[in-house]
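The chain contents come next:
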Amino acid sequence: YCYWGDKQWYQRRVRGGENILGVELAFSGLDIKFRMDTHNTVYCTKTLSKKDVGLFVYAIKNHYWYQMYLDDLPVWAIVGEEVENEFFVWTHRKLEIGYNNDRIVDVSMSIEKKVPVSPNTEIEFSYEVIWHPTETQYEKRFEKYLDASFFKHKIHWFSIFNSFMMVIFLVGLVAMILMRTLRKDYQRYSKDEELDDIEKDLGDEYGWKQIHGDVFRPASSSFLFSILVGTGCQLCFSALILIMLAVMEKLWTERGSILTTAIFVYASTSPVNGYVGGALYSQLGGKRWIRQSLFGASFFPGLVCSTSFFVNFIAISYHSAKAIPFTSMIAIAAICLFIVLPLTMIGTSFGKNISGSLDPPCRINPVPRQIPEKRWFMEPRFIAFAGGVLPFGSVFIEMYFIFTSFWAYKIYYVYGFMLLVYAILAIVTICVTIVCIYFLLNSEDYRWQWTSFISAASTGFYIYLYAVYYFVFKTKMYGLFQTVFYFANMFIFSIGFAIMCGTIGYIACRIFVYKIYATVKID
């Protein structure tokens, strides 16, 4: 509340994640010394101007609260309160600090002495500090901030059980298709092979075997397709490694540590992007592998940076603390230029040389087969739109807890749940996409590559729709900056989620298609 002149300073932490999150810590003016109680002490006096009164009234009307840190332990308090159309500000802070030997393990703050807000009023801001010993271990000092009743609610457990039952059902459905339906197909095709040419011409041939000469035809827009699949593999590996690190290490105890670790993990997994993208691009007949490597390395970071730059421009115009410092932007650009790009190019070189050749089990016809007409629900557009419903259904409860932890400032710590949901999501996506592609191939439509990717990627579209619902009904955000900040972050999250799911679906269907066509005998 007070301006400290030459004493006012802002401290920026060296952790990159905090800078990107816009964390800026200001000196509070409270002189606190270890294990030394401080009685009621005035640390600043302020005479309110009309501008100050307007700012206080606005903050009180909108229920503003502030957050302070002592040895990285957070405390919160509200600015003031409104009583019968009169506005009051709390002027006294009482800090109770618990220590164990030479470590601070607990801190709590209460606010007292409310003073009416009016022009030309002189307000004294005071504080007091009380130290007390405690048995709390230093390693467990953050446990008081964990909302176990929220994250370990029965609904959370029920959603996991419900998703697990969905997995059992879908795995059974896929097993039925693979064991019964495909077995009947193989038997029918074996009988067809025993017929002579005249009987074959008179027979009614249909099914996925009829498109064996086109099913391995390279996908359209192979350049973009290889970039998306390579990026998706990198995101899948990065997400898995990050979740496992969060399970093993308490990353949530330090501000920005999750984001810092995510940046490091993403950069270190860049060879995965290059290897998969380069190999797939070469298999699809691509020749400009350097261009593919450059775009593959910069696709997702460019999307994130361009969106963040737009939000940052609005944050600067609003003088918000969420504005990312210019030095942090330079640091991120340097990571992309000197780490992500070289590692991606190395992976691309290995991918095109080691796995760049395509050896399909069937010969590709020189002339594409005409795709027969089929019912509307067998069209790739409908399959792509409907394919993400069940994967979204398996994770949307977990999305509620993740959104709440991010937008309602709760500490998310149940990363074991997240790892289990991640595995369930992968299994559901694989099963649903394989079923969709089997019916697509059985309708003699060989456009399975993009269909498998988009049908699984549509999960991200439903995630974004849920984000819209959450914004309208679960948050109290308003105004241009808050709205843009929310939807821009949810856009990046949904796009990354879509690319991950699309890659999982495509790789699963690729293995499935190669397996069924390698088993059947084809002339």
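What counts, and where the lines are drawn
Residues numbered from 1 in each chain as written. Predicted model: local features only at pLDDT ≥ 70, side-chain atom pairs only at ≥ 80, totals over all residues. Heavy atoms only, no water. Helix = DSSP H or I, 4+ residues; strand = E, 2+ residues; numbered from the N terminus. Buried < 20%, exposed > 50% of the residue type's maximum accessible area, 1.4 Å probe, protein only. Contact = heavy atoms within 4.5 Å. Areas by Shrake-Rupley, 256 points an atom, 1.4 Å probe, with all protein chains shown as cover. Polar contact = N/O pair within 3.5 Å; in protein donor to acceptor, adjacent residues only side chain to side chain. Salt bridge = Lys/Arg side-chain N within 4 Å of Asp/Glu carboxyl O. Pairing = 2+ DSSP bridges. 1 Å grid on protein atoms, 1.4 Å probe; cavity = no way out; pocket = protein on both sides within 12 Å on 5 of 7 lines; lining within 4 Å. Points joined across faces, edges and corners; volume = space filled by probe spheres on them. Nonpolar A, V, L, I, M, F, W, Y, C, P; charged D, E, K, R; others polar. Phe/Tyr/Trp six-rings, centres within 6.5 Å; stacked < 30°, edge-to-face > 60°. Lys NZ or Arg CZ within 6 Å of the ring centre and 35° of its normal. Axes fitted to C-alpha atoms, helices over the stretch in contact; angles between N-to-C directions. Parallel < 35°, antiparallel > 145°, perpendicular 65-115°, else oblique. Left-handed = near helix turned anticlockwise from the far one by under 90°. pLDDT = per-residue confidence, 0-100. Disulfide = S-S within 2.5 Å. Core = buried A, V, L, I, M, F, W, Y, C linked by side-chain atoms within 4.5 Å.

S.K.: For this particular structure, what's the right way to read the overall build of the chain?
M.R.: The number of helices and strands found in the chain is 15 helices and nine strands. Burial status across the chain gives 46% buried among its 523 residues. Considering only intrachain contacts with a sequence separation of at least 6, the fraction spanning at least 24 residues in the chain is 81%. Per element, the accessible surface of the chain, about 28000 Å² overall, is 63% carbon and sulfur.

S.K.: Looking at this structure, how should I read the side chain of K374?
M.R.: Tracing the sequence through the fold places K374 in the loop between α10 (326-354) and α11 (380-386). Among the polar contacts listed, one links the side chain of K374 to the side chain of D445, at a separation of 2.9 Å. Beyond its immediate chain neighbours, meaning those up to four positions away, K374 contacts E379, P380, S443, D445 and R447.

S.K.: Just to check I follow, could you spell out the pattern of salt bridges for this structure?
M.R.: Oppositely charged side chains can pair when the atoms bearing their charge come close. Inspection of the entire model under this criterion finds eight salt bridges. Between K144 and D106 there is a salt bridge; the shortest N-O distance is 2.9 Å. Residue K144 is located in the loop between β9 (122-133) and α3 (148-151), and its partner D106 is located in strand β8 (residues 103-116); the two are separated by 38 residues in the primary sequence. Overall, the relative accessible area of 46% leaves K144 in the partly exposed class. A residue is classified by how much of its surface remains accessible, and D106, at 19% relative accessible area, is buried.

S.K.: What is the right way to read the pairing of strand β7 (residues 86-100) from this model?
M.R.: Two faces, one strand: in a regular strand the side chains alternate between the faces of the sheet. With 12 of 15 residues buried, β7 lies mostly within the body of the structure. Where strand β6 (residues 80-83) lies against β7, four bridges are found, and the strand directions are antiparallel. Bridged to G80 within β7 is V89. The hairpin turn running from β6 into β7, its antiparallel successor, is two residues long, and E84 in that turn takes a positive phi close to 50°. Sheet topology places β7 next to β9; eight bridges connect them, and they run parallel. Counterpart to K94 in the pairing with β9 is E128.

S.K.: What exactly am I supposed to notice about the layout of surface pockets here?
M.R.: If you roll a probe as big as a water molecule over the atoms, it shows you where there is empty space left. The calculated volume of the second largest pocket comes to roughly 260 Å³. In this structure, the second largest pocket is lined by 14 residues; those nearest its centre are S220, P380, R447, W450 and T451. At the level of secondary structure, the elements contributing two or more residues to the lining of the second largest pocket comprise α11 and α14 (448-474). A per-element tally of the lining of the second largest pocket places α14 first, with four residues. Partitioning the lining of the second largest pocket into residue classes produces seven nonpolar, three polar and four charged.

S.K.: Explain the packing of aromatic side chains to me, please; I cannot follow it from the model alone.
M.R.: What describes a pair of aromatic rings is the distance from one ring centre to the other and the angle between the planes of the rings. Per the counting criterion, the structure on display carries 45 aromatic pairs. Here the aromatic rings of F223 and F295 are separated by 5.5 Å at their centres, their planes lie at 75°, and the arrangement is edge-to-face. Placement of F223 in helix α6 (residues 222-248) and of F295 in helix α9 (residues 289-317) is noted, with a sequence separation of 72 residues between them. Cation over ring: R103 sits above Y138, and NZ or CZ is 4.1 Å from the ring centre. Over the ring of F88 we find K114; its NZ or CZ atom is 5.3 Å from the centre of that ring.

S.K.: Looking at this structure, I do not really get the packing of α6 against α9. What am I missing?
M.R.: Pairs of packed helices are described in terms of their axes, by the angle between the two and the distance that separates them. Running from amino to carboxyl end, α6 crosses α9 at an angle of 50°, the nearest separation of the two axes being 9 Å. Here α6 lies oblique to α9, going by the angle between them. Between α6 and α9 lies a crossing whose hand is right-handed. Taken together, the residues of α9 that come into contact with α6 (itself represented by F223, S226, I227, L228, T231 and L235) are R291, Q292, F295, G296, F299 and F300. Split by residue class, the contact of α6 with α9 holds seven nonpolar, four polar and one charged.

S.K.: Would you mind showing me how to read the packing of helix α7 (residues 257-268) against α10 here?
M.R.: As a packed pair, α7 and α10 sit with axes 9 Å apart at the nearest point and diverge in direction by 30°. Compared by their axis directions, α7 and α10 come out roughly parallel. Of α10, the residues touching α7 (which contributes I263, A267 and S268) are I332, I335, I339, V340 and L343. Tallied by class, the residues present in the contact of α7 with α10 amount to seven nonpolar, one polar and no charged.

S.K.: Just checking my understanding: could you explain the confidence of the model for the chain for this structure?
M.R.: Any segment with low pLDDT has predicted coordinates that should not be analysed in fine detail. Residues of the chain with pLDDT of at least 70 account for 89%, and the chain-wide mean is 85. In the predicted structure, residues 5-10 sits below a pLDDT of 50 and forms eight contacts with residues beyond four places in sequence or in another chain. Counting contacts from residues 198-204, a segment whose pLDDT is below 50, to residues more than four positions away or on other chains yields five contacts.

S.K.: I keep staring at the environment of G29 and nothing clicks. Help me out?
M.R.: Inspection of the secondary structure assignment puts G29 in the loop between β2 (25-26) and β3 (38-47). Residues G29 and Y127, spaced 98 residues apart in sequence, show a C-alpha to C-alpha distance of 10.0 Å.

S.K.: Would you mind showing me how to read the state of the cysteines here?
M.R.: Linking two cysteines covalently via their sulfur atoms produces the bond known as a disulfide. A full pass over the atoms with the stated rule returns zero disulfides. The thiol sulfur of C501 is not disulfide-bonded, and the nearest other cysteine sulfur, from C236, lies at 7.6 Å. Note on C501: relative accessible area 1%, which makes it buried.

S.K.: For this particular structure, what's the right way to read the nonpolar core?
M.R.: A general trend in soluble globular proteins is that nonpolar side chains are found buried together. With 124 residues, the main nonpolar core has F225, F403, L441, W448, V513 and Y517 as its most contacted residues. No other element matches the 22 residues that helix α15 (residues 480-519) contributes to this core. When neighbours within four sequence positions are excluded, F403 is seen to be in contact with A408, I463, Y466, A467, Y470, M490 and F493.

S.K.: Would you mind going over unusual backbone geometry with me for this structure?
M.R.: Note: most residues except glycine have negative phi, and most peptide bonds are trans. One non-glycine residue, H63, adopts positive backbone phi at about 60°. A relative accessible area of 58% places H63 in the exposed class. Positive phi is not limited to glycine here, since E444 has a value of about 65°. E444 sits in the buried class, given a relative accessible area of 11%.

S.K.: It is not clear to me how the side chain of S443 should be interpreted in this structure. Could you clarify?
M.R.: As for its placement among the helices and strands, S443 is situated in the loop between α13 (415-442) and α14. Of the polar contacts made by the side chain of S443, one reaches the backbone oxygen of L440; its length is 2.6 Å. When near neighbours in sequence (up to four residues on either side) are disregarded, S443 contacts P372, K374 and M378.

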